[in-house]
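# Examining the three-dimensional arrangement
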Amino acid sequence: MASGGTAARAAEEPPPPEPPAEQKPPPPPPAQEEFSFLPLVHDIIKCMDKDSQDVHQVLNELKNKFQEMRKLISSMPGIGVSPEQQQQQLQNLREQVRTKNELLQKYKSLCMFEIPKE
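The following paragraphs examine the structure supplied in this document. (Residues numbered from 1 in each chain as written. Predicted model: local features only at pLDDT ≥ 70, side-chain atom pairs only at ≥ 80, totals over all residues. Heavy atoms only, no water.)

## Looking at the overall build of the protein
Helices and strands together make up the secondary structure of the protein, namely four helices and zero strands. Each helix (α) and strand (β) of the protein, taken in turn from the N terminus, gives the series α-α-α-α. Per-residue burial over the protein gives 7% buried out of 118 residues. (Helix = DSSP H or I, 4+ residues; strand = E, 2+ residues; numbered from the N terminus. Buried < 20%, exposed > 50% of the residue type's maximum accessible area, 1.4 Å probe, protein only.)

Structure representation (structure tokens):
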């Protein structure tokens, strides 16, 4: 009969909270070469000098690279924050650092933490 009381009690208790789902780390930043448009521009100029038909293909590559970079920039954290909001956040963070440094100095001066000398 004790098991019946335990089962009833277990039914009334909420289930234990599930651990938060692991967040995927952000993808590694692209290599420096991926940000450079100069090689493609150089290829376009070379194709134009040679009157090559490959110029359209290289132009499309450049266009695609611009689109990829726009997408990358728009997905950057904080891109939608105005400069004024960024300045406000910076001031708030500096104030927090100053306050925490003051508290740290205060706690150090209390000598509550005696370090044994050997």
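Resuming the write-up.
## Here we look at the packing of helix α2 (residues 38-49) against helix α3 (residues 55-74)
The description of two helices packed together rests on the angle between their axes and the distance between the axes. For the pair α2 and α3, interaxial distance at closest approach is 9 Å and the crossing angle is 160°. For the element pair α2 / α3, the angle class is roughly antiparallel. Classified by chirality, the crossing of α3 by α2 is left-handed. Contacts from L40, V41, D43, I44, C47 and M48 of α2 reach α3 at V55, V58, L59, E61, L62 and K65. Considering only residue class, the contact of α2 with α3 consists of nine nonpolar, no polar and three charged. (Axes fitted to C-alpha atoms, helices over the stretch in contact; angles between N-to-C directions. Parallel < 35°, antiparallel > 145°, perpendicular 65-115°, else oblique. Left-handed = near helix turned anticlockwise from the far one by under 90°. Contact = heavy atoms within 4.5 Å. Nonpolar A, V, L, I, M, F, W, Y, C, P; charged D, E, K, R; others polar.)

## So, the environment of P39
Considering the arrangement of structural elements, one finds P39 in helix α2. Residue P39 is classed as partly exposed on the basis of its relative accessible area, which comes to 46%. Spatially, the C-alpha atom of P39 lies 9.6 Å from that of L62, the residues being 23 residues apart in sequence.

## Details of the nonpolar core
In this structure, L40, I44, C47, V55, V58 and L62 together form the largest nonpolar core, which totals six residues. Residue assignment for this core shows that the elements contributing at least two residues are α2 and α3. (Core = buried A, V, L, I, M, F, W, Y, C linked by side-chain atoms within 4.5 Å.)

## Here we look at α3
A rise of 1.5 Å per residue sets the reference length of α3, with its 20 residues, at 28 Å; its end C-alpha atoms lie 29 Å apart and thus fit the reference within 8%. Each element contacted by the buried residues of α3 is listed here: α2. (Expected span 1.5 Å × (residues − 1).)

## Brief notes about the side chain of K65
Looking at where K65 falls in the secondary structure, it is placed in helix α3. Side-chain polar atoms of K65 contact the backbone oxygen of S36, separated by 3.2 Å. (Polar contact = N/O pair within 3.5 Å; in protein donor to acceptor, adjacent residues only side chain to side chain.)

## A look at a nonpolar patch on the surface
A contiguous nonpolar surface patch, about 270 Å² in accessible area, is contributed by L38, V41 and I45. Mapped onto the elements of the fold, V41 is located in helix α2. (Patch = residues over 30% accessible without salt bridge, like charges linked within 9 Å, V, L, I, M, F, W, Y side chains within 5 Å. Areas by Shrake-Rupley, 256 points an atom, 1.4 Å probe, with all protein chains shown as cover. Salt bridge = Lys/Arg side-chain N within 4 Å of Asp/Glu carboxyl O.)

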